[in-house]
Amino acid sequence: MQTIDVKRLNDQYPNGHFDLIDVRMPTEYRAIHAECARSVPLESLDPDAVMAARNGSAGDPLYVICRSGNRSAQACEKFISAGFENVVNVEGGTVAWEQAGLAVVRGKKAMPLMQQVQITAGFLVLLGVVLGYFVHPYFVGLSGFVGAGLMFAGFTGLCPMASMIAKMPWNQCVGGGSCSV
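The following refers to the structure shown. (Residues numbered from 1 in each chain as written. Predicted model: local features only at pLDDT ≥ 70, side-chain atom pairs only at ≥ 80, totals over all residues. Heavy atoms only, no water.)

## Details of the overall build of the protein
Step number 1: For the protein, the helix and strand inventory stands at eight helices and seven strands.
Step number 2: Reported as C-alpha extents along the three principal axes, the dimensions of the protein are approximately 65 × 35 × 30 Å.
Step number 3: Looking at the protein residue by residue over its 181 residues, the buried ones come to 36%.
Step number 4: Partitioning the intrachain contacts of the protein with sequence separation of at least 6 by distance along the chain shows that 68% fall at a separation of at least 24.
Step number 5: Of the roughly 10,500 Å² of accessible surface on the protein, 62% is carried by carbon and sulfur atoms.
Step number 6: Placing the 13 positive and 14 negative side-chain charges of the protein at their respective mean positions leaves the two points 9 Å apart. (Helix = DSSP H or I, 4+ residues; strand = E, 2+ residues; numbered from the N terminus. Buried < 20%, exposed > 50% of the residue type's maximum accessible area, 1.4 Å probe, protein only. Contact = heavy atoms within 4.5 Å. Areas by Shrake-Rupley, 256 points an atom, 1.4 Å probe, with all protein chains shown as cover. Lys, Arg positive; Asp, Glu negative; His and termini not counted. Charge placed at Lys NZ, Arg CZ, Asp CG, Glu CD.)

The following block contains the structure:
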């Protein structure tokens, strides 16, 4: 997989004319993103559709950015698996982009998804214990179910609770359009 650091990318294209996609969640993109980036969330990434929408520039490099480089690397792997070789992971992601003093767009901030998952899981465990103590002992099963779900997420890297919370209205861009403001 090809990589590039933010300073070298900026030096290569001083006019800012290059194709950069940001694969973070819409709320993360809305909070801050590189000025020239467009939002294509990793969870709904379709490499064929992205390349088809490039209007004749499919042979030019496609640069992929996220927060720090992990999700963009996953996205690059998706492109490569789909047969598109000219994709480049932007090292350090938006964090490095901002630290380098490059142009960013700031918008409305949102609570990070993992923090939302932790609050929800903690609430459900506490609820199960309280209901189990005051209402019926079977309610502690709720706490066990949440604990099993957290273990599943830890072992597999898949978190159904995070997937559900990510689809909540407050984690989406209003109107389904741009997340830039």
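Next comes the rest of the description.
## Focus: the pairing of strand β2 (residues 19–22)
Step number 1: Burial of β2 is two-sided: the residues D19 and I21 facing one way and the residues L20 and D22 facing the other way are all buried.
Step number 2: Pairing between β2 and strand β5 (residues 62–65): four bridges, direction parallel. Its bridge partner being in β5, L20 is matched across the sheet by Y63.
Step number 3: In this structure, β2 lies alongside strand β4 (residues 37–39), joined through three bridges in parallel fashion. (Pairing = 2+ DSSP bridges.)

## Quick look at the sheet that holds β5
Pairing between sheet strands relies on hydrogen bonds along the backbone, with the strands arranged either parallel or antiparallel.
Step number 1: The strand order across the open sheet formed by five strands is β1-β6-β5-β2-β4, and the pairing between neighbours is parallel. Of all strands in the sheet, those bounded by a partner on one side alone are β1 (2–5) and β4. Neighbour to neighbour, the strand axes of the sheet diverge by 35° on average, direction disregarded.
Step number 2: In this fold helix α4 (residues 70–81) packs onto β2, β5 and β6 (87–91), with an angle of close to 175° to the strand it touches most, β6. (Axes fitted to C-alpha atoms, helices over the stretch in contact; angles between N-to-C directions.)

## A few points about the packing of aromatic side chains
Centre-to-centre distance and the angle between the planes together describe a pair of aromatic rings.
Step number 1: Under the definition given, this model contains five aromatic pairs.
Step number 2: Between Y13 and F18, the ring centres sit 5.1 Å apart and the planes meet at 35°, which makes this aromatic pair tilted. Exposure class is identical for Y13 and F18. Each is buried.
Step number 3: Summarising the aromatic geometry, the rings of F79 and F84 are spaced 6.5 Å apart at their centres and angled 70° between planes, so their arrangement reads as edge-to-face.
Step number 4: For F84, a relative accessible area of 22% puts it in the partly exposed group.
Step number 5: In this structure an aromatic cluster arises from ring pairing among Y13, F18 and Y63. (Phe/Tyr/Trp six-rings, centres within 6.5 Å; stacked < 30°, edge-to-face > 60°.)

## A closer look at the pattern of salt bridges
Step number 1: Taken as a whole, this structure holds five salt bridges when the rule is applied.
Step number 2: A salt bridge links R24 to D22, with the shortest nitrogen-to-oxygen separation between them at 2.7 Å. Here R24 and D22 have matching classes, each one buried.
Step number 3: R106 is paired through a salt bridge with E98; the nearest N and O atoms lie 2.3 Å apart.
Step number 4: When its relative accessible area of 52% is taken as the criterion, R106 is described as exposed.
Step number 5: Through salt bridges with shared partners, a single ionic network connects D19, R38 and R54. (Salt bridge = Lys/Arg side-chain N within 4 Å of Asp/Glu carboxyl O.)

## So, the side chain of D22
Step number 1: Within the secondary structure, D22 sits in strand β2.
Step number 2: By relative accessible area, D22 is classed as buried at 0%.
Step number 3: Among the polar contacts listed, one links the side chain of D22 to the side chain of R24, at a separation of 2.7 Å.
Step number 4: Beyond its immediate sequence surroundings of up to four residues, D22 is in contact with Y29, H33, A37, R38, S39, V40, P41, I65, C66 and T94. (Polar contact = N/O pair within 3.5 Å; in protein donor to acceptor, adjacent residues only side chain to side chain.)

## A few points about a nonpolar patch on the surface
Step number 1: On the surface, L126, V130, Y133, F134, V135 and F139 cluster together into a nonpolar patch covering about 680 Å² of accessible area.
Step number 2: Here V130 is to be found in helix α6 (residues 113–134).
Step number 3: Exposure remark for V130: the relative accessible area of 36% places this residue in the partly exposed category. (Patch = residues over 30% accessible without salt bridge, like charges linked within 9 Å, V, L, I, M, F, W, Y side chains within 5 Å.)

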